[in-house]
Amino acid sequence: MEWYADGQKLVKQNNHVDWSTTIYKINGGEYATKSVLTITNSVVDDTGLYQCFAYNEHETAMASGSVFISSVLVFEEAHFISDNFMYVVDGQVGTVECGAQGAPMPSVTWVNIPASYTGDMTTEEGTNGQSSTLISRFPIGPLYLNESREHVFTCLTSNSYAGKEYSKAQDVTVVVGYPVEWRNGTWPVVETKEQESAVLMCEFSGTPTPAVTWKRNGVSLPIVKADGTFNHVVQSDGALLISPVETGDDTMFTCTGTNGFNSVSMEIQVLVAGAVVDAVLYSTLSIGLIFLLCLIILIMIILYRRSKRRKKVDIAVSVNGTDPVYANEKALEKLKKEEEERKRAAEKAARLAREKEERERAEKELQEKLEEQRN
């Protein structure tokens, strides 16, 4: 047999690490080997995973365990870490569980349980930081409601430190019943009006009797207002009373039924007539206001652009600070004079053309007379 720590083969060290091996005969002429590892004057570095390998010419077997060594002595009084209520569906087999935690590892024992259950009892060891855990379980059942709705078992846990024992007891109650189921049928819709009262029904079946809670848009009810009032009341039968109905109630409500087995949630749509009218009116007014605002902005833009063009014209016709109206009159008068001058120039050009034509005709006649005299 050989020992390993964190994958490294151990070597015996005087006054620190040592192990003994014992071989003994068992039934049928077979032999068994037992090896015990002893760590003396342990230190923090001895923390790790320890493995024991046993082998012969046919096969090899291995067992392992973790060792945690703290630089400070740790003590944690034994306490329970499991629920004290467990639930078994009627006619089915359940598992009773008791878990404890402490340092050193606590023990777990049961009292007042039938002897027939002890043979099927199992335990599970574990660690949680520097503490150890131990969970004990055994099956029970099948259990039936007509025999008893509850079965109570007592679990004991204890550990010791400095010669003193610390112990606790806990009753574990096994409840026989049925899971939660919705009884209202299909998904409901409730129609109501503002300032009226409305009742939302939410019926669940189950054993134990389900507890019913309500939410509006995911927020738990009742919602307390600033003045300390509220208009949602969960009644004893699980129904929700809304009084008075307000615009904000035009939304989705969720009811949830819960017992130890499970939780079931259903949604109820509430339609508030007044809320619809208000929403339409508000939407219409909003659209009208937006349209009016856009129209005002458009008119302001047009007026601004016109004003800007007029200003450009005034600047163009102004001369050295002259009044724009006076400058326009001067410009018209100047244009009129220019037109008259163009007209006079045209008349002068026509007169000169006529005079030239008459001179040319007179010269031609004179030439003709001279020719006749020569002949």
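Whatever comes next refers back to the structure up there.
Along each chain, residues carry numbers from 1 onward, in the same order as the chain's sequence is written. Side-chain atom pairs in this predicted model are given and counted only at pLDDT of 80 or more, local residue features only at pLDDT of at least 70, and totals for whole chains, interfaces and linings cover all residues. Side-chain calculation: all heavy atoms of the structure are included, whereas hydrogens and water are not.

The next point concerns the packing of aromatic side chains. In this scheme Phe, Tyr and Trp rings, the latter by its six-membered ring, pair at centre separations within 6.5 Å, and the angle between planes marks the pair as stacked below 30 degrees, edge-to-face above 60, and tilted otherwise. Taken as a whole and assessed by the stated rule, the structure comprises seven aromatic pairs. Where Trp182 meets Phe204, the ring centres are 5.4 Å apart and the plane angle is 65°; that geometry is what we call edge-to-face. You can see Trp182 sitting in strand E14 (residues 164-182) and its partner Phe204 sitting in strand E17 (residues 204-207), a full 22 residues away along the chain. Across this residue pair, the class does not change: Trp182 and Phe204 are buried. Every member of this aromatic cluster is reached through a ring pair, and the members are Phe75, Tyr161 and Tyr166. Against the face of Trp19 rests Lys12, its NZ or CZ located 5.3 Å from the ring centre. Put simply, DSSP marks the helices as runs of H or I at least four residues long and the strands as runs of E at least two long, and each gets a number from the N terminus on. The classification of residues rests on relative accessible area computed with a 1.4 Å probe and restricted to protein chains. Under 20% of the type maximum is buried, over 50% is exposed, and intermediate values are partly exposed. The criterion for a charge sitting over a ring is simple: Lys NZ or Arg CZ within 6 Å of the ring centre, and within 35 degrees of the ring normal.

Another aspect to go through is the environment of Cys52. Structurally, Cys52 can be placed in strand E5 (residues 48-55). As a C-alpha pair, Cys52 and Glu2 span 50 residues in sequence and 5.9 Å in three-dimensional space. Contacts: residue pairs with any heavy atoms within 4.5 Å of one another. Non-local contacts of Cys52, meaning those with residues more than four positions away in its chain, are made with Met1, Glu2, Trp3, Ala61, Met62 and Ala63.

This paragraph deals with the sheet that holds E5. Reading across the sheet, the four strands line up as E2-E1-E5-E6 and stay open at both edges, with antiparallel pairing between neighbours. Two strands close off the open sheet at either side, each with one partner strand: strand E2 (8-9) and strand E6 (60-67). Pairing geometry for strand E1 (residues 2-5) and E2, over two bridges, is antiparallel. Bridge pairing in E2 links Tyr4 to Lys9. Each pair of strands is called paired provided DSSP finds at least two bridges between the two strands.

A separate point is the sheet that holds strand E19 (residues 219-220). In spatial order, the strands read E15-E23-E22-E18-E19; together these five strands make up an open sheet with mixed pairing. Each having just a single partner strand, strand E15 (189-192) and E19 make up the two edges of the open sheet. Pairing of E15 with strand E23 (residues 263-272), which is carried by four bridges, proceeds in the parallel orientation. The residue of E23 that forms the bridge with Val190 is Val270.

Turning our eyes to something else, we now look at the pairing of strand E10 (residues 107-111). With burial as the criterion, only one face of E10 is covered, namely that bearing Val108 and Trp110; the residues Ser107, Thr109 and Val111 on the opposite face remain uncovered. Examined bridge by bridge, E10 and strand E13 (residues 150-161) share five bridges and lie antiparallel to one another. Residue Thr109 lies in a different strand from E13, and its bridge partner there is Leu156.

A contiguous patch of negative charge, built from Glu355, Glu357, Glu358, Glu360 and Glu363, is present on the exposed surface. Considering the arrangement of structural elements, one finds Glu358 in helix H3 (residues 324-374). Any residue with relative accessible area above 30% and no salt bridge may belong to a patch, with like charges joined within 9 Å and the nonpolar Val, Leu, Ile, Met, Phe, Trp and Tyr side chains within 5 Å. Throughout, the Shrake-Rupley method with a 1.4 Å probe supplies accessible areas, and for residues the shown protein chains are the sole cover considered. Salt bridge, as used here, is a side-chain nitrogen of Lys or Arg placed within 4 Å of a carboxyl oxygen of Asp or Glu. Think of it this way: Lys and Arg go in the positive column, Asp and Glu in the negative one, and His and the chain ends go nowhere. Where a charge lies is defined by one atom per residue type: Lys uses NZ, Arg uses CZ, Asp uses CG and Glu uses CD.

Attention now goes to the pairing of E23. Regular strands place side chains that alternate from one sheet face to the opposite one. In terms of strand pairing, strand E22 (residues 252-258) meets E23 through seven bridges, oriented antiparallel. The residue of E23 that forms the bridge with Thr258 is Ser263. In this antiparallel pair of consecutive strands, E22 and E23, the connection spans four residues.

Another point: the nonpolar core. Membership of the largest hydrophobic core comes to 19 residues, with the highest contact counts inside it found for Val96, Trp110, Phe138, Phe153 and Cys155. Looking at this core, the elements that each hand over two or more residues are strand E8 (85-89), strand E9 (94-103), E10, strand E12 (131-140), E13 and E14. Those residues within four positions of Phe138 in sequence are excluded, and the remaining contacts are Gly94, Thr95, Val96, Trp110, Ile113, Tyr117, Asp120, Met121 and Phe153. Put simply, a nonpolar core is a bunch of buried Ala, Val, Leu, Ile, Met, Phe, Trp, Tyr and Cys residues held in one set by side-chain atoms that sit within 4.5 Å of each other. In terms of nonpolar packing, the next biggest core, distinct from the first, is built from 17 residues, Trp182, Cys202, Phe253 and Val264 among them.

Going from Thr207 to Pro208, the amide bond is cis rather than trans, its omega being 0°. By the element assignment, Pro208 lies in the loop between E17 and strand E18 (211-216). The backbone phi angle of Gln195 is positive, close to 70°, even though this residue is not glycine. Within the secondary structure, Gln195 sits in the loop between E15 and strand E16 (198-200). With a relative accessible area of 59%, Gln195 lands in the exposed category.

Read these as spatial facts, not as claims about activity.
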